[in-house]
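Given next are the chains, with one letter for each unit.
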Amino acid sequence: MAVLTEEQVILQDQAKSWVNDASSVTHFRAMRDAGHANGYAPDTWQAVCELGWAGILIPEEYGGSGMDFRTFGVVLEETGRGLTASPLLASGLVGASAILLGGTDAQKKQYLPSIADGSVIATLAVDESSQHDPSMIALAANAVGDGYELSGTKFFVVEGAAADVLVVAARTSGDAADVDGVTLFLVDTAANGVTRTPLSTVDSRGYADITFERVAVGADAVLGTVDNGRGLLEAVLDRGRAGLAAEMLGTGTEAFDRTLEYLKTRVQFDQVIGSFQSLGHRQATHFMNMEFARSCVEAALTAIDQDGEDVAQLCSLAKSQMGEFLHAMTNDMIQMHGGIGMTDEFDAGFFLKRARATEALFGNRAFHKKRYIGFSGI
Amino acid sequence: MTQDVNVFREEAKAWLADSFPTSLKGQLPPGIAGFGAKFTGDWKLWQERLGEKGWSTPTWPAEYGGGGLSPEQAAVLREEMKLAGAINPIGGFGTMMWGPTLLDYGTDEQKQRYLPDIIRGNIHWCQGYSEPGAGSDLASLQSFAEDRGDHFIINGSKIWTSGAKEADWMYGIFRTDKSNKYEGISFITLDMKSPGVEVKPIKLISGNSPFNEVFFTDVVVPKDNLIGEKNKGWAIGKHLLLHERSGIAGEGGGDVNGGGGYSLEDAARDHLGLQDGVLADGGMRERIADNKMFSHAFSLTARRMSAEAAVNGPTPAIGILKLAWAKFNQDREELMIEIMGNRGVGWEGDGFAPQELAHTRAMLRSKANSIEGGSNEVNLNLVAKRVLGLKGY
């Protein structure tokens, strides 16, 4: 791990002990078994908010602590280790980033303090098919009077079941594939015409499909500028990708550690199975890929903090490399544990399920590979 | 700290403006001083000035002729040299591995004796490690240095010795006690011009001969050339390999992503063609993406590990960089000739462009990447044992 600042070390210790005491995989299992409709336990989210993490990115003047993405990444890595289910990423990182990057003073004053204290959950609604494809935005936002009417459907909105406010990517002019003509709107989920269909997914978290039927919003609901939202959308998505990759890094590291522990304790043929090269070499290769993924995730978060020119490329690199490691590690976690790994009673399945959901979210490996190579001029 | 770094940046800028010959801006050196090259003209001038300043080895102690810079200052120097288009032409085994090991294990007298010439690139060092019967199981080496009081008499042979044909000196590990495998090895230097030293190049599948066999027949080596204690050389030899592996993480290997030269993108444009600015062959485009992303991740990891090592010291985890480098380079060279199609299998002659011939040979040469400096299998064993703490390796 890169050399951390004193503040980051304090936050890391805090996150480690909280995850250990109050939000471990055992707590996640209890949430899954209890079947919370929003995909998280309310007391978990309350604790996250009391720790102040929903306001990590939000400046002090709006009730947050004004820290950077690299620092947020340290916390997300720990929650990723415990498979913590909460709207922290969707609201405190993605939702907050959208308003921080695109919001007017009035919008910031209206939303940021309540995102920071957790009383409002914000999230991004972008995808319109089974694929993550922000280059295709068809959901219509027609100008009506001083405002707009939104009609269309957004699929697989993360924390969509619980969200209070949505950042909706909509089309104000042109065709679905046009670069121009995209506008972001802030839409209250309680507004007339908003219908949510919660989804039951393998990772037990709170996604929803959301339909908009002539949902009326005022001109003050526009986030950023009309017809010019593409850049803002990409910037918000990249922040989400880097933050999600940090969470995945924690999940992958925990899967690695647990598997390594098993290799050191499980005895067959009178020896620990980790002494077999066919397993030890595979685990050593996972170690290499884990270290590489970590470098990419840390570099992406740092690039965002430094407003580097290569943010987009590094975020695609991070999401893709992280996805590749997590995919292989969770597969081998089950394989190396053998039959016990296949049982619901054992935790390995939770890692596999979380992995597949996060691999797909905000663009899978194929998506980010294409996006990355696109920067190379071929 | 920031203040210091800014002051240093001005110093570095000014020195480069005064000392770096503008004729060399952006030029690759014609070889490496300290690894066979003997420069003339402006390259010779640049080698002398850089070596005199000690900035060929920026972080080495000034008392032995090094730059005496902090890691932060060295990073600034790298940036300023890059901006100036100035490449450090001094390198080889001396700066990468032997010097750092000598700093850790040598006596003050030995450091004074060897380091200044390494820093200036005046002496070409080769490494006597592998033997015909001691490859992956290096400690089974048999070349024997018999203790004759004030000197050793060496008999035996080394193999796969890079650059031995042109080398001035060798450092290596030799058996000094036949009854004890690990505690019977000593770390010794020797002059390659000593009577009884014979070098035979080995021709490889690429047609080139970068490696050699070295034979020793009653070679007399003074006792002063013993580094560390007698029979305690295995630890020094292993420690040096850590530097070998981390050397890959250094300036050269750490910058694979933007290394210049003929890139996979160039080859794809020339041989496969683009449609609307995108490579028409989607399968090949994806494989190029894989290789580029892996090399980008490699660079970021090398940089991160260097920064961490500067604070925490060297770590065996650096072994993953050797594994990764072999994978990256072999994949890249294979992709390169595959992109070139049947132009990728030329051996020699005017029927092929020099570029094409060079890459065919580079592909063949790259097969050694997963063998030399510890094979992939040995490196995986080391990571399993020392980093993961697994038993039985």
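Just so you know, the residues in each chain are numbered from 1, in the order the chain's sequence is written. Each chain takes a letter, starting from A, and each ligand takes a number, starting from 1, following the order in which they are written. Restriction of local features to residues with pLDDT of at least 70 applies here, the model being predicted, together with a cutoff of 80 or more for giving and counting side-chain atom pairs; totals for whole chains, interfaces and linings are based on all residues. To obtain the side-chain values, all non-hydrogen atoms of the structure were included, while hydrogens and water were left out.

A. Layout of helix α10 (residues 354-366) of chain B. Residue and element names in this part refer to chain B. Working definition: helices are DSSP H or I runs of at least four residues, strands are E runs of at least two. Numbering for both runs from the N terminus. Helix span, expected: 1.5 Å multiplied by one less than the number of residues in the helix. Here α10 contains 13 residues, and its C-alpha end-to-end distance of 18 Å stays within 8% of the 18 Å for a straight helix at 1.5 Å per residue. Using a 1.4 Å probe on the protein chains alone, a residue whose accessible area is under 20% of its type maximum counts as buried, one over 50% counts as exposed, and one in between counts as partly exposed. Among all positions in α10, only E356, L357, H359, T360, R361, M363, L364 and S366 are buried. Residues are treated as being in contact if the distance between any of their heavy atoms lies within 4.5 Å. Where the residues of α10 are buried, they touch α7 (264-271) and α9 (319-339).

B. Here's a closer look at the pattern of salt bridges. Within this document, salt bridges are pairs made up of a side-chain nitrogen of Lys or Arg and a carboxyl oxygen of Asp or Glu, the two lying within 4 Å of each other. The final tally for this structure, using the stated rule, is 48 salt bridges over all chains. Salt-bridge contacts for A:E234 lead to A:R371; the nearest nitrogen and oxygen are separated by 3.1 Å. Here A:E234 is found in helix α7 (residues 230-265), whereas its partner A:R371 is found in helix α11 (residues 365-374), with 137 residues between them in sequence. Residue classification places A:R371 among the buried positions, given a relative accessible area of 17%. A salt bridge links B:R343 to B:E356; its shortest N-O distance comes to 3.2 Å. Highlighted residues: B:R343 in the loop between α9 and α10 and B:E356 in helix α10, separated in sequence by 13 residues. Three or more residues are tied together by salt bridges with common partners; here these are A:R29, A:R32, A:D33, A:R81, A:E254, A:D257, A:R258, A:D344 and A:D347.

C. Region of interest: the packing of helix α8 (residues 277-305) of chain A against helix α8 (residues 282-312) of chain B. Two elements in contact, α8(A) and α8(B), have axes whose closest approach is 8 Å; the angle formed by their N-to-C orientations is 85 degrees. Between α8(A) and α8(B), the crossing angle belongs to the class labelled roughly perpendicular. For the pair formed by α8(A) and α8(B), the contact residues are A:M288, A:N289, A:E291, A:F292, A:R294, A:S295, A:C296, A:E298 and A:A299 on the first element and B:F294, B:A297, B:F298, B:L300, B:T301, B:R304 and B:M305 on the second. Each residue gets one of three labels, nonpolar for Ala, Val, Leu, Ile, Met, Phe, Trp, Tyr, Cys and Pro, charged for Asp, Glu, Lys and Arg, and polar for the others, Gly among them. For the contact of α8(A) with α8(B), the residue count by class is nine nonpolar, three polar and four charged. To get an axis, a line is fitted to the C-alpha atoms, and for a helix only the part in contact is used. The angle between two axes follows their N-to-C directions and goes from 0 to 180 degrees. Angles below 35 degrees are treated as roughly parallel, those above 145 as roughly antiparallel, those between 65 and 115 as roughly perpendicular, and all remaining angles as oblique.

D. Representation of the domain arrangement of chain B in the model. Residue and element names in this part refer to chain B. Looking at chain B, the domain boundaries give domain 1 (2-120), domain 2 (125-236) and domain 3 (248-387). Note that the domain bounds reflect an automated or database-derived domain assignment. Using C-alpha coordinates to define each centre, domain 2 is positioned 31 Å away from domain 3. Every contact between the two is made by seven residues of domain 2 and, on the other side, seven residues of domain 3. Here the buried area means the combined drop in accessible surface, using a 1.4 Å probe, for two parts upon being joined, counting both sides. Approximately 580 Å² of surface area, both sides summed, lies buried where domain 2 meets domain 3, with 65% of it carried by carbon and sulfur atoms. One can count zero salt bridges joining domain 2 with domain 3. What qualifies as a polar contact is a pair of N or O atoms within 3.5 Å, subject to a donor-acceptor requirement within protein and to the restriction that residues adjacent in sequence count only when both atoms come from side chains. Across the contact surface, domain 2 and domain 3 share one residue pair in polar contact (both at pLDDT 80 or more). The residue makeup of the side of domain 2 that touches domain 3, split by class, is three nonpolar, four polar and no charged.

E. Up close: the environment of B:N381. Residue position: B:N381 is located in helix α11 (residues 376-387). As for B:N381 and B:K391, which are separated by ten residues in sequence, their C-alpha atoms are 10.0 Å apart. Once residues within four sequence positions are removed from consideration, B:N381 is found in contact with A:Q277, A:H281 and B:Y393. Side-chain polar atoms of B:N381 contact the side chain of A:H281, separated by 2.7 Å.

F. Seen up close, the layout of surface pockets. Roughly 390 Å³ of volume is contained in the second largest pocket. Along the wall of the second largest pocket there are 19 residues; nearest its centre are A:E324, B:D290, B:F294, B:K327 and B:D331. Within the residue set of the lining of the second largest pocket, elements represented by two or more residues are α8 and α9 (311-337) of chain A together with α8 and α9 of chain B. For the lining of the second largest pocket, the residue count by class is eight nonpolar, four polar and seven charged. Here a cavity is any set of points on a 1 Å grid over the protein atoms alone where a 1.4 Å probe fits but cannot get out, and a pocket is any open set with protein on both sides within 12 Å along at least 5 of 7 lines; a residue lines the site when it has an atom within 4 Å of a point. Grid points are joined across faces, edges and corners, and a volume is the space filled by probe spheres set on the points.

G. Region of interest: the packing of α9(A) against α11(A). All names here are of chain A. Their axes nearest at 9 Å, the elements α9 and α11 cross at an angle of 145 degrees. The interaxial crossing formed by α9 with α11 has left-handed handedness. Every residue of α11 that contacts α9 at A312, Q313, S316, L317, K319, S320, G323, E324 and H327 is listed here: R365, H368, R371 and Y372. Class assignment for the residues of the contact of α9 with α11 results in three nonpolar, six polar and four charged. We call a crossing left-handed when the near helix sits turned anticlockwise from the far one by less than a right angle, and right-handed when that turn is clockwise.

H. Focus on the interface of chain A and chain B. Across the contact, 41 residues belong to chain A and 41 residues belong to chain B. Here chain A packs against chain B, burying approximately 3,200 Å² in sum over the two surfaces, 70% of which is carbon and sulfur. Per-residue buried area on chain A facing chain B is highest for A:F292, A:K369 and A:I378; these three make up 24% of the total on that side. Here chain A and chain B share three salt bridges between them. Measuring nitrogen to oxygen at the nearest pair gives 2.9 Å for the salt bridge that ties B:D290 to A:K369. Counting every contact that joins chain A to chain B gives 14 residue pairs in polar contact (both at pLDDT 80 or more). Secondary-structure elements contributing two or more residues to the side of chain A that touches chain B are α7, α8, α9 and α11 of chain A. Element by element, the count of residues in the side of chain A that touches chain B is highest for α8(A), at 16 residues. In the side of chain A that touches chain B, the residues fall into 19 nonpolar, 16 polar and six charged.

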